[in-house]
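Structural overview
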Amino acid sequence: MFVLVTYDVSTVSSGGRKRLARVARTCMNYGQRAQNSVFECEVTPAQFVVLKSELMDIFNPEEVSLRFYMLGKKGRQKVEHVGAKSVVDPNKDTLIL
């Protein structure tokens, strides 16, 4: 399933800046950055449960806001991108490892 993960983390304190980096690193393990605080993740339902659990371990409701948009199996087909910073579609684009 295609999930959009967005977050807002207060970076006023050094703990907040570390938390921001941890949230981004966690999201990178499951998808790719579409914008600064937006990740596109192609995950199975089981992977989503693990991703959400990992993010909730970092979560501090006073300093972090998380949003999960479940767009389903065909969600990527509904995304229209205009402008700079295009994102690689692993289902269509060739990846060389």
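Just above, that's the structure.
Residues numbered from 1 in each chain as written. Predicted model: local features only at pLDDT ≥ 70, side-chain atom pairs only at ≥ 80, totals over all residues. Heavy atoms only, no water.

1. Details of the overall build of the chain
Each helix and strand counted, the chain has two helices and four strands in total. Element order for the chain, N to C, with α for helix and β for strand: β-α-β-β-α-β. Within the span of the chain, comprising 97 residues, buried residues form 30% of the whole. Here the contacts in the chain between residues at least 6 apart in sequence split such that 65% fall between residues at least 24 apart. Accessible area of the chain: about 6,700 Å², with a carbon and sulfur share of 52%. (Helix = DSSP H or I, 4+ residues; strand = E, 2+ residues; numbered from the N terminus. Buried < 20%, exposed > 50% of the residue type's maximum accessible area, 1.4 Å probe, protein only. Contact = heavy atoms within 4.5 Å. Areas by Shrake-Rupley, 256 points an atom, 1.4 Å probe, with all protein chains shown as cover.)

2. Quick look at the nonpolar core
Soluble globular proteins tend to pack their nonpolar side chains together in the buried interior. Residues V5, Y7, V23, C27, C41 and L55 are the most contacted members of the largest nonpolar core, which totals 18 residues. Excluding anything up to four places from it in sequence, C27 contacts V5, Y7, F39, C41 and L55. (Core = buried A, V, L, I, M, F, W, Y, C linked by side-chain atoms within 4.5 Å.)

3. Let's talk about helix α2 (residues 45–58)
Under the 1.5 Å per step criterion, the end-to-end length of α2 is 20 Å for 14 residues, consistent within 8% with the ideal 20 Å. Of the positions making up α2, those classed as buried are F48, L51, L55 and I58. In an axial view of α2, the angular spread of the buried residues amounts to 80°, which keeps them on one side of the axis. Every exposed residue of α2 that faces more than 90 degrees away from the buried side is listed here: P45, A46, V49 and D57. Tucked inside the fold, the buried residues of α2 contact β1 (2–9), α1 (14–28), β3 (38–42) and β4 (64–72). (Expected span 1.5 Å × (residues − 1). Arc of directions from axis to C-beta.)

4. A closer look at the packing of aromatic side chains
Two measures describe an aromatic ring pair: the distance that separates the ring centres and the angle between the ring planes. All chains considered together, the criterion is met by two aromatic pairs. Ring geometry for F48 against F68: centres 5.5 Å apart, planes inclined by 85°, an arrangement best described as edge-to-face. Residue F48 is located in helix α2, and its partner F68 is located in strand β4; the two are separated by 20 residues in the primary sequence. For F48, a relative accessible area of 9% puts it in the buried group. Judged by its relative accessible area of 19%, F68 is buried. (Phe/Tyr/Trp six-rings, centres within 6.5 Å; stacked < 30°, edge-to-face > 60°.)

5. Quick notes on the sheet that holds β3
Spatially, β2-β3-β1-β4 is the arrangement adopted by the four strands of the open sheet, whose pairing is antiparallel. The outermost strands of the open sheet, each flanked by one partner alone, are β2 (31–35) and β4. The mean angle between the axes of side-by-side strands here comes to 25°, regardless of whether they run parallel or antiparallel. Pairing of β1 with β4 involves eight bridges; the strand directions are antiparallel. Among the inter-strand pairings, F2 is bridged to a residue of β4, identified as G72. Seen against the sheet, α1 touches β1, β2, β3 and β4 and runs at an angle of roughly 170° to β1. Against the sheet, α2 engages β1, β3 and β4, with an angle of about 170° to β4. (Pairing = 2+ DSSP bridges. Axes fitted to C-alpha atoms, helices over the stretch in contact; angles between N-to-C directions.)

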